[in-house]
Amino acid sequence: MAAMSNAEHPQFTSGTPEETPTSSHCATAIPSPENETATAAVTAAPSTTTTCTSTIDNSGSGDDVEDIRELSEAIKGATRASQLAHLGPHIGCPASPLSWVSWGMDKVGAWLPWTNFSWTALQVDQLRRTARETCEMPGYEDVFGPPDEYIRGVDAFYCNLFPLEMTPTGIFWFNTWQSGVLEGRRKIVRYILDNPDVYQPSSHIKKVIMIAGYFRSGTTLMHRVMAAQPATRSLHVFEMIDFADPTHYVTNREQIITDPRIAQCRAKFAQFEQLYPGFWKRIAESHLTDPSEPDEEMVIFMYTSINIISFGVSGHQYTDWIVDPNKDFIYRFLRMFMQMLNQGTTWPVTHWVLKTALHMLYLDSITEEFSPGFGIVFIHRDPVDGVPSFCRLMETWTSIFFKDQFFDLGQLGRLNLWMCKLSWDRVMAWQRKTDPAMYYNIQYTTLIKDPVGEVEKIYNHFGIPMDEEARAASMNYLNNNKQGKHGRAGYTAERYGLSKELIHSVLSEYMEWTVQFP
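Before going into details, it helps to say that this report is about the structure given with it.

**Section: the side chain of Q339**
Relative to the assigned elements, Q339 resides in helix α15 (residues 328–342). Overall, Q339 belongs to the buried group, its relative accessible area being 0%. Within the structure, Q339 has its side chain in polar contact with the backbone oxygen of V198 (distance 2.7 Å). Leave out the neighbours within four places in its chain, and Q339 touches V198, Y199, S203, H204 and I205.

**Re the nonpolar core**
Core analysis: the biggest nonpolar cluster contains 113 residues, and F174, I308 and F378 have the highest contact counts within it. Excluding residues within four positions of it along the chain, F378 makes contact with A212, M360, L363, W424, V427, W430, Q431, Y439, Y440, N441 and I442. Membership of the second largest hydrophobic core comes to 23 residues, among which are I379, I442, Y477 and L478.

**A short note on the packing of α15 against helix α16 (residues 363–370)**
Across the interface, α15 lies against α16 with an axial gap of 8 Å and an inter-helix angle of 45 degrees. Judged on the interaxial angle alone, α16 and α15 are oblique. Once α15 is placed against α16, the crossing between them reads as right-handed. Each of D328, Y331, R332, L334, R335 and M338 in α15 lies in contact with α16, whose residues at this interface are S365, I366, E368, E369 and F370.

**Quick notes on the pairing of strand β5 (residues 439–443)**
Within β5, five of the five residues are buried, leaving the element largely enclosed by the surrounding structure. Alternating residues of β5 divide into Y439, N441 and Q443 and Y440 and I442, and every residue in both groups is buried. Of the strand pairs in this sheet, strand β4 (residues 374–380) and β5 are connected by five bridges, and their pairing is parallel. Bridged to I376 within β5 is Y439.

**Considering the pattern of salt bridges**
Where charged atoms from two side chains of opposite charge approach closely, those side chains can pair. Enumeration according to the criterion identifies 19 salt bridges in this entry. A salt bridge links R495 to E395; its shortest N-O distance comes to 2.5 Å. Placement of the pair is R495 in the loop between α21 (468–480) and α22 (500–506) and E395 in helix α17 (residues 383–398), with a sequence separation of 100 residues. Among the residues examined, R495 registers a relative accessible area of 22% and is labelled partly exposed. In this structure E395 comes out as buried when scored by relative accessible area, which is 2%. Sharing partners across several salt bridges, the network here consists of R128, R132 and D155.

**Quick look at the environment of I192**
Along the chain, I192 falls in helix α7 (residues 168–194). For I192, a relative accessible area of 0% translates into the label buried. Along the sequence, I192 and F337 sit 145 residues apart, while their C-alpha atoms lie 8.2 Å from each other. If we skip the residues at most four places from it in the chain, I192 touches V143, F144, V198, Y199, M336, F337 and M340.

Cut-offs and rules
- Along every chain, residues carry numbers that run from 1 in the direction the sequence is written.
- Thresholds applied to this predicted model are a pLDDT of at least 70 for local features of residues and 80 or more for the giving and counting of side-chain atom pairs; totals over whole chains, interfaces and linings are not thresholded and use all residues.
- The basis for every side-chain value is the complete set of heavy atoms in the structure, and neither hydrogens nor water enter the calculation.
- For the purposes of this entry, the term helix denotes a DSSP run of H or I that reaches at least four residues, the term strand denotes a run of E that reaches at least two, and both are numbered from the N terminus.
- Each residue gets one of three labels from its accessible area relative to the maximum for its type: buried under 20%, exposed over 50%, partly exposed in between, using a 1.4 Å probe on protein chains only.
- Pairing of N or O atoms within 3.5 Å defines a polar contact, subject to two protein rules: one partner must be a possible hydrogen donor and the other a possible acceptor, and residues neighboring in sequence count only if both atoms are side-chain atoms.
- Residues count as neighbours in contact if any of their non-hydrogen atoms are within 4.5 Å of one another.
- The definition of a nonpolar core used throughout is a set of buried Ala, Val, Leu, Ile, Met, Phe, Trp, Tyr and Cys residues joined through side-chain atoms within 4.5 Å.
- Helix axes are fitted to C-alpha atoms over the stretch in contact, other axes to C-alpha atoms as well, and angles between N-to-C directions run from 0 to 180 degrees.
- The cut-offs work like this: below 35 degrees is roughly parallel, past 145 is roughly antiparallel, 65 to 115 is roughly perpendicular, and the gaps in between are oblique.
- A clockwise turn of the near helix away from the far one marks a right-handed crossing, whereas an anticlockwise turn of less than a right angle marks a left-handed crossing.
- Any two strands with at least two DSSP-identified bridges between them are counted as paired.
- A side-chain nitrogen of Lys or Arg and a carboxyl oxygen of Asp or Glu constitute a salt bridge if their distance falls within 4 Å.

Rendered as C-alpha cells:
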C-alpha cells in the first residue's frame, strides 16, 4: 500500500512549527536537516555525560516509516500547555506525604540543572555500560544471538532524550526505572546461562497462542478468559517485574496467585501512587495492571529495549528502531524467559497464551522463532476507541518524567494513528503470505457476545481441546470481572487532535478488509 504523506492528507498538517528544544545531551550520528540546529546547540551545551552515538538506518524499511519518523520528532518541543493533564506532584499542592518529598525535589532541582547530583542528571553512560556488560557474559551470543540490534536500541533510546525538559523527580524515576530494567535483564540472562536445560532443544515451547489487536479491542478480555483455564500458562505481572529463581517448583496455579512477590509488587505500586496520586487509575482507563493478573509482555519487551509507551519522546532514531520489523532477538529472549519459567512449572500445561499489540509489528520474527507450534488471534474493532486509548497511556506514563509544555497532544495523536496504520498494514501483508491455519480473525462485537464460546472456536481452530473444567474457569473469570469494573475511559479522540472521520480515512483499507470477518 502506498504511504499517505502528511501533505497528501491536509488534516494531518499542524500549525506553525515551533522551536525544537536544544537540551538533549547526546549527539546523533544521523545527519538530517530537522536536527542540525539542535545538534549544534547540544554540542555547545554543558553536559554530565559523554556523547552518545546512534547508527540506526531504516532507509530501506519502507511502509510509512518516514511519516512516523517526522511525527515522532515533531512531538518534541511542541508547547500546548492547556492540553497536557500533568500528573506530577510538582504541579499545585502535594496530595500525600511522599508527594511532598517529590515536590521538594522538583523545587530544589529546578535550581540545579547543570549539576552532577545523581537525582538531577540522567545516568546515560552507566545505563549503557550496564546493558553492554550483560551482553559480554560468556556464552551470551550462543544462547541469545548477536547483541548488535539490542545495543542499537539501547543507544537510540538513551541518547535521544531531552533531560532539560524532564523534572528532577522525572530524572530520578527514569534512572531508577531503567536501572531496575537492566538489573532484571542481567539476573535473567545470568540464570539462563547458568542453567543449560533452559535452552536445550528438548525445552522448546511446544504450543503458543498469541493475541494481537490495537488498544481497547478486547485483547485483554480474551487473554484473561484463556489464562484462567487450568491447563494454560501465561505471564503474570509480578513474574516479569521481580525475578526469582524458578526452580522452587510451582505444582499448581494456586501457588502462582499466592506468590509473596505479589504483595511486594503491590507495595511498590502503592508507593508510586503516593508520589503520583491518580496515576494507576488513569493507567487503568487504557489498561488494567495488577501484580497478580496475567498480563501482556510489555515488561519483557522493556528488557529488550522496546519502551513503546515512551517512544514518542525519544526522537526519530528510536522510533526508526522500534518500527524496524527485524526483531528476532526480542522473541528469542521471550522464548528463553518462558522456558525458564517452564523449568519450575510441574502441573500439566497444554499451551501458553501471550498478548500485546506489538506482535503486529514483528510477525516475521515471531514466525521465525516460534514455528512450528504457534498460532495468532487478531481481534478487530473500530479504531476510533483504540487510537486515543494508546495516546492516553503514553500521555499518562511520560507525564511523570517531563515538564509541562513539552507535548503537543495533537502530534501525539497523529503519531499513534500512523502506528496503528503501520501495524495493520503489516498484519494484512503477513496474512497474504501465511497459511490460514496459523491465524484466526474475529470481530470485537462477536467476541463480547459469547467470550467463552468464541474462545472454544479458536481452540478448535488451533487443535487445542477445551473441557468442562476450562469452560467453568473462564466463566468464573467473566462473572467476577464485569466490563467497566475498573472505570471507563476519561478521554476523547478530540483531545489528541483526532476525529472519527480522520481515523476512518487513514485506516480505510484496513476497515474495508475487516468486513469479511465474523
